[in-house]
2 protein chains.
Amino acid sequence: MSKQPAKLLYASTEASADALYFSGFFVPDPVVLLEAGRQKVGVFSRLEIGRAEKESSLDLLYAYEDLIKYAREAYGVKQPGPAELIRALAEDFGLTAFSVPGDFPHAVAAKLIAAGLKIEAGEGMFFPEREKKTEAEACAVAEGNKASAAGIRAAEQALRRSKIERGYLKLDGKRLTSERLRVIIQTACLEAGAIADHVICAGGDQACDPHCIGEGPLRANELIIVDVFPRVMKTGYHGDMTRTFLKGKATPEQKRLVATVHAAQKAALGAIKARTTGKLVHTAAAKTFEEAGYETGQVDGVWQGFIHSTGHGLGLEVHESPRVSTATNRLKAGAVITVEPGLYYPGLGGCRIEDVVQVTGDGYQLLSKAPYKWELK
Amino acid sequence: MSKQPAKLLYASTEASADALYFSGFFVPDPVVLLEAGRQKVGVFSRLEIGRAEKESSLDLLYAYEDLIKYAREAYGVKQPGPAELIRALAEDFGLTAFSVPGDFPHAVAAKLIAAGLKIEAGEGMFFPEREKKTEAEACAVAEGNKASAAGIRAAEQALRRSKIERGYLKLDGKRLTSERLRVIIQTACLEAGAIADHVICAGGDQACDPHCIGEGPLRANELIIVDVFPRVMKTGYHGDMTRTFLKGKATPEQKRLVATVHAAQKAALGAIKARTTGKLVHTAAAKTFEEAGYETGQVDGVWQGFIHSTGHGLGLEVHESPRVSTATNRLKAGAVITVEPGLYYPGLGGCRIEDVVQVTGDGYQLLSKAPYKWELK
């Protein structure tokens, strides 16, 4: 019997990045996945097992129907569920203790514990190696950012082609709304092989709420934040890029805001290297804002200024480890992070500029590319 | 103190249909949601709380930052997590027992149990009322199916416009592949307000694996299954429709296959009404196939024939309750289900026809609409 707890998952690989990372295979319904010694094991129904053989990175596949039959007899359960499948696997591999991710379903864990198995849910990352991206993973993120860039380019072109009528934007004779611009971006992402959900196209004060995706007509002479974080359909890896545009003529205040955000991004990028802390990178951006006189705080109950962290890890999830915030975690060589400082002032508008880099020993490698031209006539 | 366990969730409303159902609000990171008596409570960060006030269906919002501050002092934890937030809420509402969904994260549950709280993970549905759709929900599914129909119509037009060259399809001078057809469908869905992931465009033997999404060039004279299950961006509800096409000329065997699948769908639809079992509906389709001489079973280790269930519930999830299979659950009035019999024979190809209905007292109401014309010259 092994004494080391075996890694155990029960999740859909569509929904769980850990499960997708482990199996390399898209499957819509939850499946049992197990790391038994050096063997990667999966249980699949007859509908999926053929595809799993061809497409997954697993070593050993069990037929769900066979295990169910065994579990029904062995445990006297009429309708065996995942807990009984896992008990059957535990018997086969002589396992009594499992390590599970924090989001492992409690209903299944409770049954396994009741059956005498030991279940340990770790804090932090289930596969810590996910934080350091391989070359193939960095390429997959760069591919995601190509889709982001295609979306942002499509947005820029739509804004350039738009005409200003009574303060509003018109494209091909129809009002250009956040919703229309979003579909234009999403279509460009699709053509680049990626699905972009919740694309942010927010103008004016809407953009001051960083998670507001934007709605209604877009106006001339206001800052428009375009944030595109698509998932590449083939791999499941994401891109994540933001540009801020303005159609018409910018005021000196808007120009200074955008220039300062750009400077803060450069400062943050300049602070990146392996073993430095996320906090140092974040502070570099924050300091740029402070020194330029941009204050952060609550005004009439609404937060304004630099109200979010400078970045986050990016990969199979849009938000993953490491943090690039006030936390003092150290950045590992190979980590892939976003660098996206922003400033938000209701009345003036919001600006965020975001790129993606891979951390190296003495700096970073850019994994995203798009122009920074923002004032569009 | 309440004796009834209070419903508790900790999930992203993007990922958890239960959380979205409860809060009516999209939020990317996991949030604490609680049903305390008649009050629907949520904890949101300062980034989200403004949006939550405007957009959610919750009654009482807590500021994450305030609760964290309280939890840090009350429990002596340096970095309070969801378990500590929930303990703080439990104190406020005088709660000691919680009912959680089966997929509630075990790591959080284990901490709550260790802190002396009672956590019950139910079997089955967390919100059983989700199975019976309200009029608004049925409309939201119908909206999803409008997007599905737009995708299927776009596929049909692309196939009609294609030319046949040496057995392959060409559209606008370039080979029509599964991948290209998928983007055409996804674009049409987007324009209808919905995101369609994993659209199936599978021709020939690829279609005999019902979850294979299809890849590579599409051929003339072969059956092509197009299955589109988009999510409406505004509401999160899904459509789900399938049509099977053939570009060129069908053989008598292909014609008989398609006609039999269509007849099986009609038979299944004819069996639907409230209080009947899913099994009776499934059997109506299965019987049609048997009587027409289409056998189901393993041939050389590969399953063929009618190898999946007739349908499934549809709503905030693509697959949800109730089942329409060999299980003997009764269909409730108001349930929304797919009806999608299919036949799959390597060599001949696959055919599936899928529509969506809402179960009524004495029959059903169709929630999807698209033509059944399939042989395209």
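Computed from a prediction, not measured in an experiment: that's the story for all the values here.

Chemist: I tried to follow the interface of chain A and chain B on my own but got confused; where do I start?
Modeler: The extent of an interface is frequently quoted as the accessible surface area lost upon association of the parts. Facing the 40 residues of chain A at the interface are 40 residues of chain B. With both chains or domains summed, chain A and chain B bury close to 3600 Å², and 58% of this area falls on carbon and sulfur atoms. When residues of chain A are sorted by the area they lose upon contact with chain B, Arg46, Leu47 and His106 of chain A head the list and together hold 19% of the total. Between the two partners, chain A and chain B, sit 4 salt bridges. The shortest N-O distance in the salt bridge between glutamate 123 of chain A and lysine 111 of chain B comes to 2.9 Å. Remark: the boundary between chain A and chain B carries 15 residue pairs in polar contact (both at pLDDT 80 or more).

Chemist: Just to check I follow, could you spell out the state of the cysteines for this structure?
Modeler: Throughout this description, disulfide means a covalent bond between two cysteine sulfur atoms. In this structure the tally under the stated criterion is 0 disulfides over all chains. We note that cysteine 201 of chain A lacks a disulfide partner, and the nearest cysteine sulfur, in cysteine 189 of chain A, lies 10 Å from it. Free cysteine: cysteine 212 of chain B, not disulfide-bonded; nearest cysteine sulfur from cysteine 208 of chain B at 9.8 Å.

Chemist: Explanation requested: the sheet that holds strand 12 (residues 223–228) of chain B in the structure shown.
Modeler: Two pairing modes exist for strands in a sheet, parallel and antiparallel, and in both the strands are linked by backbone hydrogen bonds. Residues and elements named next belong to chain B. Spatial strand order, 11-12-14-24: 4 strands in an open sheet with mixed pairing. Each having just a single partner strand, strand 11 (200–203) and strand 24 (375–376) make up the two edges of the open sheet. As defined by bridge partners, strand 12 adjoins strand 14 (residues 241–247) across 6 bridges and the pair is classed as antiparallel. Paired with valine 226 across the two strands is arginine 243, which belongs to strand 14. Here helix 7 (residues 178–191) sits on the sheet in contact with strand 11 and strand 12, set at roughly 150 degrees to strand 11.

Chemist: What exactly am I supposed to notice about the packing of helix 3 (residues 64–75) of chain B against helix 4 (residues 82–93) of chain B here?
Modeler: Two packed helices can be described by the angle between their axes and the distance between those axes. Residue and element names in this part refer to chain B. Where helix 3 contacts helix 4, the two axes come as close as 9 Å, and the packing angle between them is 90 degrees. Considering their axes alone, helix 3 and helix 4 lie roughly perpendicular with respect to each other. Where helix 3 approaches helix 4, its residues Tyr64, Leu67, Ile68, Tyr70, Ala71 and Tyr75 are matched on the opposing element by Glu84, Leu85, Arg87, Ala88, Leu89 and Glu91. In the contact of helix 3 with helix 4, the residues fall into 9 nonpolar, no polar and 3 charged.

Chemist: Even after reading the chapter, I still don't get the pairing of strand 3 (residues 39–44) of chain B, so can you show me in this structure?
Modeler: Side chains on a regular strand alternate between the two faces of the sheet. Residue and element names in this part refer to chain B. Looking at chain direction, strand 2 (residues 31–36) and strand 3 are connected through 4 bridges and run antiparallel. In the strand pairing of strand 3, leucine 33 is matched with glycine 42. As consecutive antiparallel partners, strand 2 and strand 3 are separated by 2 residues, and within that stretch glycine 37 has a phi angle of approximately 65 degrees, a positive value. With 4 bridges joining them, strand 3 and strand 4 (residues 60–63) adopt parallel strand pairing. Residue pairing across strands places glycine 42 opposite leucine 61, the latter belonging to strand 4.

Chemist: What exactly am I supposed to notice about the relation of the copies chain A and chain B here?
Modeler: Taken together, a rotation about one axis and a shift along it account for how the two chain copies relate. Superposing chain A onto chain B takes a rotation of 180 degrees plus a shift of 0.0 Å along the axis, which leaves an RMSD of 0.0 Å. Look at the turn and shift together and you get a two-fold axis relating the two. Minimal C-alpha distance to the rotation axis in chain A is attained by histidine 106 of chain A, lying at 2.1 Å. When you check the interface residues of chain A against chain B, 100% turn up at the interface there too, and the contact is symmetric in its surfaces.

Chemist: What am I meant to see in helix 7 of chain B here?
Modeler: In an α-helix, one full turn covers 3.6 residues, which means residues spaced three or four apart are oriented alike. In this model, helix 7 of chain B (14 residues) spans 20 Å end to end at C-alpha, consistent with the 20 Å of a helix rising 1.5 Å per residue. Counting buried residues along helix 7 of chain B, 10 of its 14 residues qualify, which places the element largely inside the surrounding structure. Restricting attention to buried positions, one finds in helix 7 of chain B the residues Ser178, Leu181, Arg182, Val183, Ile185, Gln186, Thr187, Ala188, Cys189 and Leu190 of chain B. Buried residues along helix 7 of chain B sit in contact with helix 7 (178–191) and strand 10 (194–195) of chain A together with helix 6 (135–161), strand 10 (194–195), strand 11 and strand 12 of chain B. At the C-terminal side of helix 7 of chain B, glycine 193 of chain B shows a positive phi close to 85 degrees.

Chemist: What am I meant to see in the pairing of strand 1 (residues 6–11) of chain A here?
Modeler: Residues and elements named next belong to chain A. By the criterion of burial, strand 1 is predominantly enclosed, with 5 of the 6 residues buried. Here strand 1 runs beside strand 5 (residues 97–100); their pairing, made up of 2 bridges, is parallel. Each bridged residue has a counterpart across the sheet, and for lysine 7 the counterpart in strand 5 is serine 99. For strand 1 and strand 2 (residues 31–36), the ladder comprises 5 bridges, and the chain directions are antiparallel. Bridging from a neighbouring strand, lysine 7 pairs with glutamate 35 of strand 2.

Chemist: Help me understand the domain arrangement of chain A in this model?
Modeler: All names here are of chain A. Each assigned domain of chain A is listed with its residue range as follows: domain 1 (6–126) and domain 2 (130–376). Just the C-alpha atoms count here: the centres of domain 1 and domain 2 sit 38 Å apart. Between domain 1 and domain 2, the residue contacts involve 7 residues of the former and 12 residues of the latter. The largest per-residue losses of area from domain 1 upon contact with domain 2 belong to Tyr21, Phe26 and Met125, which jointly make up 62% of the total buried on that side. On inspection of domain 1 and its partner domain 2, the count reaches 2 salt bridges. Here arginine 231 makes a salt bridge to glutamate 14, at a shortest N to O gap of 3.8 Å. Put simply, domain 1 and domain 2 have 1 residue pair in polar contact (both at pLDDT 80 or more) between them. Within the side of domain 1 that touches domain 2, the residues separate by chemical class into 5 nonpolar, no polar and 2 charged.

Chemist: Any chance you could explain helix 3 (residues 64–75) of chain A here in plain terms?
Modeler: Residues and elements named next belong to chain A. Taking 1.5 Å per residue as the helical rise, helix 3 with its 12 residues ought to reach 16 Å, and the 16 Å between its terminal C-alpha atoms agrees with that figure. Within the span of helix 3, buried status applies to Leu67, Ile68, Ala71 and Tyr75. Take helix 3 and look down its axis: the buried residues cluster within an arc of 100 degrees, on one side only. Summarising the geometry of helix 3, the exposed residues directed more than 90 degrees from the buried face are Asp66, Lys69 and Glu73.

Chemist: Before we go on, may I ask you to explain the environment of threonine 326 of chain A in this structure?
Modeler: All names here are of chain A. Mapped onto the elements, threonine 326 comes out in the loop between strand 18 (320–324) and strand 19 (336–339). Separated by 43 residues in the primary sequence, threonine 326 and threonine 283 have C-alpha atoms spaced 7.6 Å apart. For threonine 326, the residues in contact, after removing those within four places along its chain, are Lys279 and His282.

Chemist: I would appreciate a short explanation of the packing of helix 7 of chain A against helix 7 of chain B in the present structure.
Modeler: Put simply, helix 7 of chain A and helix 7 of chain B touch, their axes get as near as 10 Å, and they point 165 degrees apart. When the interaxial angle is binned, helix 7 of chain A and helix 7 of chain B end up roughly antiparallel. The handedness of the crossing between helix 7 of chain A and helix 7 of chain B is right-handed. Where helix 7 of chain A abuts helix 7 of chain B, its residues Val183, Gln186, Thr187, Leu190 and Glu191 of chain A lie against Val183, Gln186, Thr187, Leu190 and Glu191 of chain B. When grouped by side-chain class, the residues that make up the contact of helix 7 of chain A with helix 7 of chain B number 4 nonpolar, 4 polar and 2 charged.

Chemist: Can you help me understand the environment of aspartate 209 of chain B in this one?
Modeler: All names here are of chain B. Tracing the sequence through the fold places aspartate 209 in the loop between strand 11 and strand 12. Owing to a relative accessible area of 18%, aspartate 209 belongs among the buried residues under this scheme. For the pair aspartate 209 and valine 324, spaced 115 residues apart in sequence, the C-alpha to C-alpha distance is 20 Å.

Chemist: What should I look at first to understand the sheet that holds strand 4 of chain B in this one?
Modeler: All names here are of chain B. Strand order in this open sheet of 6 strands is 4-3-2-1-5-6, and the pairing throughout is mixed. Two strands in the sheet have a free side with no partner beyond their single neighbour: strand 4 and strand 6 (118–121). The sheet shows a mean angle of 25 degrees between the axes of neighbouring strands, taken without regard to direction. Of the pairings in the sheet, the one linking strand 5 (residues 97–100) to strand 6 comprises 4 bridges and is parallel in character. From the neighbouring strand, serine 99 faces strand 6, where its bridge partner is glutamate 120.

Rules and cut-offs
- Residues numbered from 1 in each chain as written.
- Chains lettered and ligands numbered in written order.
- Predicted model: local features only at pLDDT ≥ 70, side-chain atom pairs only at ≥ 80, totals over all residues.
- Heavy atoms only, no water.
- Contact = heavy atoms within 4.5 Å.
- Buried area = accessible area lost by both parts, 1.4 Å probe.
- Salt bridge = Lys/Arg side-chain N within 4 Å of Asp/Glu carboxyl O.
- Polar contact = N/O pair within 3.5 Å; in protein donor to acceptor, adjacent residues only side chain to side chain.
- Disulfide = S-S within 2.5 Å.
- Pairing = 2+ DSSP bridges.
- Helix = DSSP H or I, 4+ residues; strand = E, 2+ residues; numbered from the N terminus.
- Axes fitted to C-alpha atoms, helices over the stretch in contact; angles between N-to-C directions.
- Parallel < 35°, antiparallel > 145°, perpendicular 65-115°, else oblique.
- Nonpolar A, V, L, I, M, F, W, Y, C, P; charged D, E, K, R; others polar.
- Least-squares fit on C-alpha atoms with pLDDT ≥ 70 in both.
- Expected span 1.5 Å × (residues − 1).
- Buried < 20%, exposed > 50% of the residue type's maximum accessible area, 1.4 Å probe, protein only.
- Domains from an automatic or database assignment.
- Arc of directions from axis to C-beta.
- Left-handed = near helix turned anticlockwise from the far one by under 90°.

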